[in-house]
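# Breakdown of the fold
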Amino acid sequence: MVQALKTAFPHTIPVLTGYFFMGAAMAILMVTSGIPAIWATIMAVAIYAGSGQFVMVGLLAAGFDPVATFLVILMVNARHIFYGLANLTRFRDFDRYRWYLIFSLTDETFALFSSVKVPPEIEERKFLTAIAVLDQLYWIAGCTVGAFAGTLITFDVTGIEFVMTALFVVILIQKLQEKDGRSPAFVGLAVAVICRLAFGSEAFIISTMIALVAVFALLRPRLDPVEAA
Amino acid sequence: MSEFQIGIMVACGAAATILTRFLPFWLFGTREPPRFVLYLGRTLPPAVMAMLVVFCLKDAKVLTWPFGIPEILGVAITAGLYLWRKNMLLCVIVGTASYMALLQFVFPAMANS
């Protein structure tokens, strides 16, 4: 596992940067809203979802409403269902490792899983677990530092969130260059842009998810000719 | 709000998140998934990567100043550098640094709005 962590580390550096500062930003916002600092760490361990935790801060500030919290977080994080579907067969033989891999499947961890080449000398399940563990540690560190020592970050980090955009842009390019990835990537890009323009920012995730499943169902004879027959 | 109530809310947020991550495995974990689900499992990752890029950029101001110029330049620099050097880490760092410099020094009005 130590070797897996060492080999995985370089792949996770973009996530380290993004998670540390975004976790800190979330925690500073949370403390400013009057929530005790320790809850930033607890949420980083138990919820571990970037945009979900930003929304949690707003929900906590709005007052006690567990049902609304459950439903809103369900909507915000619904895209995770796709990450599970994409890894159904991959995780199947991962034994006890799979429970943590499923629990920790964030946007960024999923993106790294989709792009990394597992080195031949390391077991795939250990390599993926190493990535997942490192990513969550960065997030916990960012949330904790932000909550307890947020005032120590004095330099201007405006725009640091672009590190995630850049990571997704690079992996999208990789997918566009793969023979099997090109068509689905173009479909995804077209559907996402159209949904953003048609349904606005608030309904973006849900509308894109529904539209993607519908469009892929319609395109199945083209994209999956053997299976669809 | 008491710490107990915060705890209940956080537990609800955690339960909802865990549900979104485990649902596919609870539905299809022990049996062979339908072929349509396997097909989605193959086609969704590239499509979702495009969705995440748009998700990150969905609140960029494109109709008012600065017309999405920092985002367009940031993506162009990241993509161009990746096509040129094929080095993920390098272009993520340079792309992000360029975007931050654009926001903070070239289009500082946007950073404060």
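Quantities reported herein were computed from a predicted structural model and do not represent experimental measurements.

### Brief notes about the overall build of chain A
Counting secondary structure elements, chain A contains 13 helices and zero strands. The order of α-helices and β-strands along chain A, N terminus first, is α-α-α-α-α-α-α-α-α-α-α-α-α. Compactness check: chain A gives a C-alpha radius of gyration of 19 Å against a globular reference of 17 Å for 229 residues, within 12% of the reference. Considered along the principal axes of its C-alpha atoms, chain A spans approximately 60 × 45 × 35 Å. Looking at chain A residue by residue over its 229 residues, the buried ones come to 52%. Taking all contacts inside chain A whose residues are at least 6 apart in sequence as the whole, residues at least 24 apart take part in 70%. Put simply, chain A shows about 9800 Å² of open surface, and 68% of that area lies on carbon and sulfur atoms. Distance from the positive charge centre (15 side chains) to the negative charge centre (16 side chains) of chain A: 6 Å.

### Notes on helix H6 (residues 80–87) of chain A
With seven of eight residues buried, H6(A) is to be regarded as a mostly interior element. Among all positions in H6(A), only A:His80, A:Phe82, A:Tyr83, A:Gly84, A:Leu85, A:Ala86 and A:Asn87 are buried. Where H6(A) is buried, its residues touch helix H8 (107–115) and helix H12 (204–223) of chain A together with helix H1 (3–28) and helix H2 (35–57) of chain B.

### Regarding the interface of chain A and chain B
Buried accessible area, meaning the area lost when the parts come together, often serves as the stated size of an interface. Listed per partner, the contact involves 92 residues of chain A and 71 residues of chain B. Surface buried jointly by chain A and chain B totals about 7200 Å² across both partners, of which 79% is contributed by carbon and sulfur atoms. Looking only at chain A, the three residues that lose the most surface to chain B are A:Phe64, A:Leu88 and A:Phe162, adding up to 9% of its buried area. In this assembly, chain A and chain B are joined by two salt bridges. For B:Arg42, the salt bridge goes to A:Asp224, with nearest N and O atoms at 3.2 Å. Here chain A is connected to chain B by 18 residue pairs in polar contact (both at pLDDT 80 or more). The leading source of residues in the side of chain A that touches chain B is helix H10 (residues 162–177) of chain A, at 15 residues. Partitioning the side of chain A that touches chain B into residue classes produces 60 nonpolar, 20 polar and twelve charged.

### Description of the pattern of salt bridges
All names here are of chain A. What the rule picks out here adds up to ten salt bridges over all chains. Between Arg 79 and Asp 107 there is a salt bridge, with the nearest N and O atoms lying 2.7 Å from each other. Of the two residues, Arg 79 is situated in the loop between helix H5 (66–76) and H6 and Asp 107 in helix H8; the sequence distance between them amounts to 28 residues. When its relative accessible area of 2% is taken as the criterion, Arg 79 is described as buried.

### Re the nonpolar core
A:Met56 and A:Phe91 are the most contacted members of the largest nonpolar core, which has 103 residues in total. The dominant element in this core, judged by the number of residues it contributes, is H2(B), at 13 residues. If you count residues domain by domain, this core takes at least three from each of domain 1 (2–174) and domain 2 (178–229) of chain A. With sequence-adjacent residues up to four places away left out, A:Phe91 is seen in contact with A:Arg98, A:Leu101, A:Ile102, A:Leu105, A:Phe113, A:Leu128 and B:Phe25.

### Points about the domain arrangement of chain A
All names here are of chain A. Each domain of chain A was delimited in the assignment, giving domain 1 (2–174) and domain 2 (178–229). The partner domain 2 presents eight residues to the six residues of domain 1 that form the contact. At the boundary of domain 1 with domain 2, total buried surface from both sides reaches about 640 Å², with 80% on carbon and sulfur atoms. At the surface where domain 1 touches domain 2, the tally comes to zero salt bridges. Where domain 1 packs against domain 2, one counts one residue pair in polar contact (both at pLDDT 80 or more). Grouping the amino acids of the side of domain 1 that touches domain 2 by side-chain chemistry returns four nonpolar, one polar and one charged.

### Here we look at H5(A)
Residues A:Thr69, A:Ile73 and A:Val76 constitute the buried set of H5(A). End-on, the buried residues of H5(A) take up no more than an arc of 60°, which puts them together on one face. Residues of H5(A) that are buried sit in contact with helix H4 (50–62) of chain A together with H1 of chain B.

How each quantity is defined
- Residues numbered from 1 in each chain as written.
- Chains lettered and ligands numbered in written order.
- Predicted model: local features only at pLDDT ≥ 70, side-chain atom pairs only at ≥ 80, totals over all residues.
- Heavy atoms only, no water.
- Helix = DSSP H or I, 4+ residues; strand = E, 2+ residues; numbered from the N terminus.
- Rg over C-alpha atoms; globule rule 2.2 N^0.38 Å.
- Buried < 20%, exposed > 50% of the residue type's maximum accessible area, 1.4 Å probe, protein only.
- Contact = heavy atoms within 4.5 Å.
- Areas by Shrake-Rupley, 256 points an atom, 1.4 Å probe, with all protein chains shown as cover.
- Lys, Arg positive; Asp, Glu negative; His and termini not counted.
- Charge placed at Lys NZ, Arg CZ, Asp CG, Glu CD.
- Buried area = accessible area lost by both parts, 1.4 Å probe.
- Salt bridge = Lys/Arg side-chain N within 4 Å of Asp/Glu carboxyl O.
- Polar contact = N/O pair within 3.5 Å; in protein donor to acceptor, adjacent residues only side chain to side chain.
- Nonpolar A, V, L, I, M, F, W, Y, C, P; charged D, E, K, R; others polar.
- Core = buried A, V, L, I, M, F, W, Y, C linked by side-chain atoms within 4.5 Å.
- Domains from an automatic or database assignment.
- Arc of directions from axis to C-beta.

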